[in-house]
Amino acid sequence: MITTRFAPSPTGYLHIGGLRTALFSWLWAKKNEGEFLLRIEDTDLSRNSDEALEAILKAFDWVGMSYNGEAIYQSKRFDIYAKYVEQLLKEGKAYRCYMSKEELSTLREEQMSKGERTRYDGRYRNFKGTPPEGIEPVIRIKAPTEGNIIFNDGVKGEICIAATEVDDFVIARAGGVPTYNFVVAIDDALMGLSDVIRGDDHLYNTPKQMVVYEALGFKLPNFYHVAMINNEQGKKLSKRDGATDVMEYKALGYLPEALLNFLVRLGWSHGDQEIFSIDEMIELFDPKNINKSSSNYNLDKLLWLNAHYIKNMPNEKLALHLKEYGVEVEEHDKLELLLDATKERGKTLVELANQINLILTTPTEYDAKASKKAFKGEAMNILSDFVTMLQTWDKPLHTPPEYHEVIEKFVADKEIGFGKIGQPLRVTLLGSMTGSGLDEIMAIIGVEETVHRIEKVIKLHTL
RNA sequence: GACCCUUUCAUCUAGUGGCCAAGGAUAUUGCGUUUUCAUCGCAAAAACAAAGGUUCAAAUCCUUUAGGGGUCGCCA
């Protein structure tokens with residue numbers, strides 16, 4: 001049985017890097033028909049916020065990832081942690097340390113100046129005397145003092161860290177609140193995790209957590225440390241790099257399936273395959289194919305994927321998404337035609353919404369460059385004649401081919417090139433020189449609106 | 001500074017000693033399709049960080065150097 005988890009701390013929005021590790025964990029659990037659990041790391045009372053937690057849950061919901069059972073809150077488990085602190089104290093595997101913060105920082109400065117990695121020197125490890133007055137002690141765990149701490153990372157291979165690099169770290173603060181590395185190890189063990197997939201910024205926490213596992217006699221899970229996502233310049237992703245909040249991608253018009261496909265290919269691959277449906281990801285994901293090195297975030301690829309998913313999405317479903325972007329077309333009688341005519345022209349739902357609005361609303365502005373080019377010479381007469389032909393047309397006018405026939409007949413009768421009517425008509429209908437096919441546009445808006453738009457232009461240009 | 005991780009086209013990546021004078025994808029450029037734009041199709045350009053080894057044979061193994069990242073909290 002594979003059990004994985006995502007363990008965010010509710011101090012901000014869900015970051016795309018966090019979403020990727022969550023995705024990897026989720027996929028691995030799903031693939032093995034195991035469980036994916038959610039744990040909220042809120043042991044730091046002062047930094048938590050309800051809004052942050054809500055934002056994280058909302059982002060999970062948006063991408064369609066769900067977790068098994070109830071979310072676990074560490075803040076509600078303090079009694080459990082306290083019990084284990086007691087146990088370790090009793091067994092002599094942990095001890096009270098009365099070092100003041102001033103003493104600690106002096107020690108660090110000394111070590112730093114000697115060019116050493118800073119760490120606690122163990123001065124209270126075997127302390128038997130009378131504790132100093134006025135100091136509320138912290139609890140430290142006894143870490144091994146010699147040898148190496150070795151574990152086999154599922155991504156990076158064997159990791160070997162000298163025991164001297166791991167100090168007797170604090171497991172309970174003055175006041176008794178337990179610390180991160182202590183509670184993570186306990187919860188991961190108690191929640192029955194088989195596989196811990198996390199960012200490689202946690203690599204150095206692993207030996208510390210192993211000390212806790214060892215002291216408490218817990219079974220070690222498999223660890224996988226996934227390298228970071230950097231910005232396009234290869235530097236650490238920061239707010240200045242644009243969207244790092246998952247929900248921002250929704251606002252920008254990205255489909256969740258595109259974002260997940262993008263993220264799953266950042267640091268993971270399955271041969272040459274680029275497009276993965278959610279089901280395929282679940283079927284094919286395996287942490288053994290996770291890359292060792294960090295990867296750069298690349299907006300072009302995400303955009304391409306998003307365009308791909310828009311193009312291939314059934315129109316009904318697309319219409320549902322579009323509602324979130326202020327476009328109500330579900331009830332439109334030409335829905336299929338409208339979306340088929342526009343969805344290849346929008347890389348994001350925002351762009352697609354604009355394309356649709358361009359067709360659905362009578363233009364109020366006409367692109368200056370386009371109209372200068374299109375509305376010259378005989379253009380108004382040609383448009384006027386075209387109106388006449390539309391109004392006297394005696395065959396049905398509903399589909400694009402039917403409109404196409406009108407235009408064909410028109411250019412044949414007039415003995416003019418397609419461009420003579422095409423350019424002015426396009427600018428007339430859309431206000432711009434580029435966009436969907438004329439036949440489609442007319443079929444969508446109908447004869448009446450077509451005529452209306454042409455007459456509006458003629459009126460503007462004959463005053 | 002110390003410790004740990006990492007290094008294939010601009011970017012994401014395939015590649016586990018011979019199938020590699022390195023493959024795919026995005027972006028770029030060109031051509032074609034399209035009355036426009038977009039889509040689509042075809043083509044081009046583009047990389048094994050460097051130096052030493054090991055081997056009949058190295059992108060793949062080893063060493064060193066250089067670059068990038070992470071960690072060194074009574075934060076998580």
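Residues numbered from 1 in each chain as written. Chains lettered and ligands numbered in written order. Predicted model: local features only at pLDDT ≥ 70, side-chain atom pairs only at ≥ 80, totals over all residues. Heavy atoms only, no water.

**Side note on the protein's contact with RNA strand B**
Inspection of the region around RNA strand B gives 61 residues, with Arg-173, Tyr-204, Gly-267, Glu-344 and Arg-345 positioned closest. Here RNA strand B approaches the protein such that, of its atoms within 4 Å, sugar and phosphate make up 69%. Contact distances for RNA strand B include 3.5 Å between a phosphate oxygen and a side-chain N or O atom of Ser-295. Contacts to RNA strand B include Met-433, whose backbone N or O atom sits 3.2 Å from a base oxygen. Among the secondary structure elements, those contributing two or more residues to the surface near RNA strand B are α4 (101-113), β5 (138-141), β7 (157-162), α5 (180-190), β12 (295-296), α10 (299-311) and α17 (418-430). In terms of residue count, the dominant contributor to the surface near RNA strand B is α10 (four residues). In the surface near RNA strand B, the residues fall into 15 nonpolar, 20 polar and 26 charged. (Near = heavy atom within 4 Å. Polar contact = N/O pair within 3.5 Å; in protein donor to acceptor, adjacent residues only side chain to side chain. Helix = DSSP H or I, 4+ residues; strand = E, 2+ residues; numbered from the N terminus. Nonpolar A, V, L, I, M, F, W, Y, C, P; charged D, E, K, R; others polar.)

**Concerning helix α8 (residues 256-264)**
The periodicity of an α-helix, 3.6 residues per turn, causes residues three or four places apart in sequence to face the same way. For α8, the buried fraction is high: nine of the nine residues fall into the buried class. For α8, the set of buried residues is Pro-256, Glu-257, Ala-258, Leu-259, Leu-260, Asn-261, Phe-262, Leu-263 and Val-264. (Buried < 20%, exposed > 50% of the residue type's maximum accessible area, 1.4 Å probe, protein only.)

**Some thoughts on the nonpolar core**
Counting 103 residues, the largest nonpolar core has Phe-386 and Leu-425 as the members making the most contacts within it. It is helix α18 (residues 438-462) that contributes the most residues to this core, 10 residues altogether. Residues within four places of Leu-425 in sequence aside, it is in contact with Leu-383, Phe-386, Ile-407, Leu-438, Met-442 and Ile-454. Formed by 33 residues, the second largest nonpolar core is a distinct cluster that contains Ile-141, Ala-185, Ala-215 and Phe-223. (Core = buried A, V, L, I, M, F, W, Y, C linked by side-chain atoms within 4.5 Å. Contact = heavy atoms within 4.5 Å.)

**Considerations on the pairing of β7**
Sheet analysis places strand β6 (residues 148-153) next to β7, joined by six bridges and oriented antiparallel. Within the sheet, the bridge partner assigned to Phe-151 lies in β7 and is Ile-159. (Pairing = 2+ DSSP bridges.)

**Topic: the packing of helix α16 (residues 400-414) against α18**
At a closest axis distance of 8 Å, the pairing of α16 and α18 adopts a crossing angle of 110°. Classed by the angle they form, the pair α16 and α18 counts as roughly perpendicular. For the pair α16 and α18, contact is made by Pro-400, Tyr-403, His-404 and Ile-407 and by Leu-438, Asp-439, Glu-440, Met-442, Ala-443, Gly-446 and Val-447, respectively. Taken together, the residues of the contact of α16 with α18 sort by class into seven nonpolar, two polar and two charged. (Axes fitted to C-alpha atoms, helices over the stretch in contact; angles between N-to-C directions. Parallel < 35°, antiparallel > 145°, perpendicular 65-115°, else oblique.)

**Remarks on unusual backbone geometry**
The residue Glu-33 is not glycine, and still its phi comes out positive at about 50°. The residue Glu-33 is located in the loop between α1 (16-31) and β2 (35-40) in this model. The residue Glu-415 is not glycine, and still its phi comes out positive at about 55°. Residue placement: Glu-415 occurs in the loop between α16 and α17. By relative accessible area, which is 71% here, Glu-415 ends up exposed.

**Overview of the side chain of Arg-39**
Mapped onto the elements of the fold, Arg-39 is located in strand β2. In terms of polar contacts, Arg-39 uses its side chain to reach the side chain of Asp-188, at 2.7 Å. Leave out the neighbours within four places in its chain, and Arg-39 touches Arg-5, Phe-6, Ala-7, Pro-8, Ile-72, Gln-74, Val-184, Asp-187, Asp-188, Met-191 and Leu-193.

**Focus on the packing of α1 against α8**
At a minimum axis distance of 10 Å, the contact between α1 and α8 shows a crossing angle of 85°. Classified by the angle their axes make, α1 and α8 are roughly perpendicular. Residue-level contacts link Ile-16, Leu-19, Arg-20, Leu-23, Phe-24 and Leu-27 of α1 to Leu-259, Leu-260, Leu-263 and Val-264 of α8. Classifying every residue of the contact of α1 with α8 by side-chain character gives nine nonpolar, no polar and one charged.

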